[in-house]
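Structural overview
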Amino acid sequence: MAINGQFNTDAKALNRRIVAHDKYGEKDINEWIFSNLDVARNMMILDLGCGTGKQTIPMAKAVGKDGRIVSVDISQEALNVLLEKATEENVSEQITTLCCSLDDIAIHLENERFDRVLSSYSLYYAQNPENLVKTIWETLKTGGIFFFCGPAKDNNRELKSFHYSLKGEPVPSESGGAAFMEKLGQRLVREVFRHVEVTMFENPLRFDSAEALYAYWSSYNLYENELDERFKVAAAEHFNRNSFFVTKKRVIGVKAVK
Ligand SMILES: C[S@@+](CC[C@H](N)C(=O)[O-])C[C@H]1O[C@@H](n2cnc3c(N)ncnc32)[C@H](O)[C@@H]1O
């Protein structure tokens, strides 16, 4: 599968997006994720594509000293940020990091069994998601939950319209992560899991300045260097006429029970 994108493994861009979601978002995506995952004390959790630890750190707190989170990412830079935060938050003892591709986890986790597996905005980066879903099923204990989430087809429609209007082009039909989340990802889990539920989460991001909007766009895979100046001018014009620019994160979540 392996979705192309300039910021897929860029820890600094990821952090800028997380800061924007926290500052301008109406809701907290973690609340929705954790309500689906149903995390409890002493659990063993696998966090795939954990990035800088947005979910790993709160999950490490929730499982407590006798639980454990194994956090996997292909970016050592992202894992270093995660480890720093874990030390600051006093949860490093219950976190193990693993720097490898999602496609290689079976080799590293041969004898591990987990209560929960999470993949937030990452499953579609696997070269072979079909194999990965089978591996996830094998690493889960019976009754364990796998939850993955990512963009729905109309994700950030407003920002995409703004971006493509600068190029004089229509917004292209969905490909990449959204196409995976809408179809292939759901089909793959239904083939191996006994119970699958699909849920939606919507989070409006309300930017209050041209600078904030530009900072978000320039950390997002939509970004194009050639449009940089045009985007800044158009964002300034937008804020001459309006107090806010609102775009909505539209997220699909898939919960699968073994
Ligand atoms: C959008 S971030 C999501 C981070 C975190 N789960 C969150 O929701 O905030 C995607 C993460 O997947 C990692 N990633 C991308 N391709 C990968 C691969 N093939 N194997 C493992 N991790 C990968 C990136 O380095 C990045 O940290």
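Parameters at a glance
- Residues numbered from 1 in each chain as written.
- Predicted model: local features only at pLDDT ≥ 70, side-chain atom pairs only at ≥ 80, totals over all residues.
- Heavy atoms only, no water.
- Helix = DSSP H or I, 4+ residues; strand = E, 2+ residues; numbered from the N terminus.
- Rg over C-alpha atoms; globule rule 2.2 N^0.38 Å.
- Buried < 20%, exposed > 50% of the residue type's maximum accessible area, 1.4 Å probe, protein only.
- Lys, Arg positive; Asp, Glu negative; His and termini not counted.
- Charge placed at Lys NZ, Arg CZ, Asp CG, Glu CD.
- Contact = heavy atoms within 4.5 Å.
- Arc of directions from axis to C-beta.
- Near = heavy atom within 4 Å.
- Polar contact = N/O pair within 3.5 Å; in protein donor to acceptor, adjacent residues only side chain to side chain.
- Areas by Shrake-Rupley, 256 points an atom, 1.4 Å probe, with all protein chains shown as cover.
- Pairing = 2+ DSSP bridges.
- Axes fitted to C-alpha atoms, helices over the stretch in contact; angles between N-to-C directions.

Some thoughts on the overall build of the protein chain
When helices and strands are counted, the protein chain shows 10 helices and seven strands. A compact globule built from 258 residues should have a C-alpha radius of gyration of about 18 Å, and the protein chain, at 19 Å, falls within 12% of that. The 258 residues of the protein chain split such that 52% are buried. If you average the places of the 32 positive and of the 36 negative side-chain charges in the protein chain, the two averages end up 4 Å apart.

Re the environment of Glu 138
Structurally, the position occupied by Glu 138 is in helix α6 (residues 129-139). The class of Glu 138 is partly exposed, set by a relative accessible area of 47%. Sequence-wise, Glu 138 and Lys 249 are 111 residues apart; in three dimensions their C-alpha atoms are separated by 32 Å. In this structure Glu 138 touches Arg 113 and Lys 258, once residues within four positions along its chain are discounted.

Remarks on helix α9 (residues 210-217)
If you check which residues of α9 are buried, you get Ala 210, Ala 212, Leu 213, Tyr 216 and Trp 217. One face of α9 carries all of its buried residues, which in axial projection span an arc of 165 degrees. Structurally, α9 contributes buried residues whose contacts are with α1 (11-24), α7 (157-167), β6 (195-207), α10 (228-241) and β7 (245-257).

Comments concerning the site of the ligand
Around the ligand sit 20 residues, and of these Asn 8, Gly 49, Asp 73, Leu 102 and Ser 120 come closest. A distance of 2.6 Å separates an oxygen atom of the ligand from a polar atom in the side chain of Asp 73. Residue Leu 102 places a main-chain N or O atom 2.9 Å away from a nitrogen atom belonging to the ligand. About the coverage of the ligand: the protein hides 92% of its 610 Å² of free accessible area. Examining the composition of the shell around the ligand, we find that three residues originate from one element, α1, more than from any other.

Examining the sheet that holds strand β5 (residues 140-151)
Sheets are built from strands paired through backbone hydrogen bonds, the pairs being either parallel or antiparallel. Strands sit in the order β3-β2-β1-β4-β5-β7-β6 across an open sheet of seven strands; the sheet is mixed. In the strand order of this sheet, the two ends are held by β3 (95-99) and β6, each with one partner. Neighbouring strand axes in the sheet, compared pairwise and without regard to direction, differ in orientation by 15 degrees on average. In terms of strand pairing, β6 meets β7 through 13 bridges, oriented antiparallel. The residue bridging Glu 197 from the neighbouring strand is Lys 255, located in β7. Where helix α2 (residues 29-37) meets the sheet, it contacts β4 (114-120), β5, β6 and β7, and its direction lies at approximately 155 degrees from that of β5.

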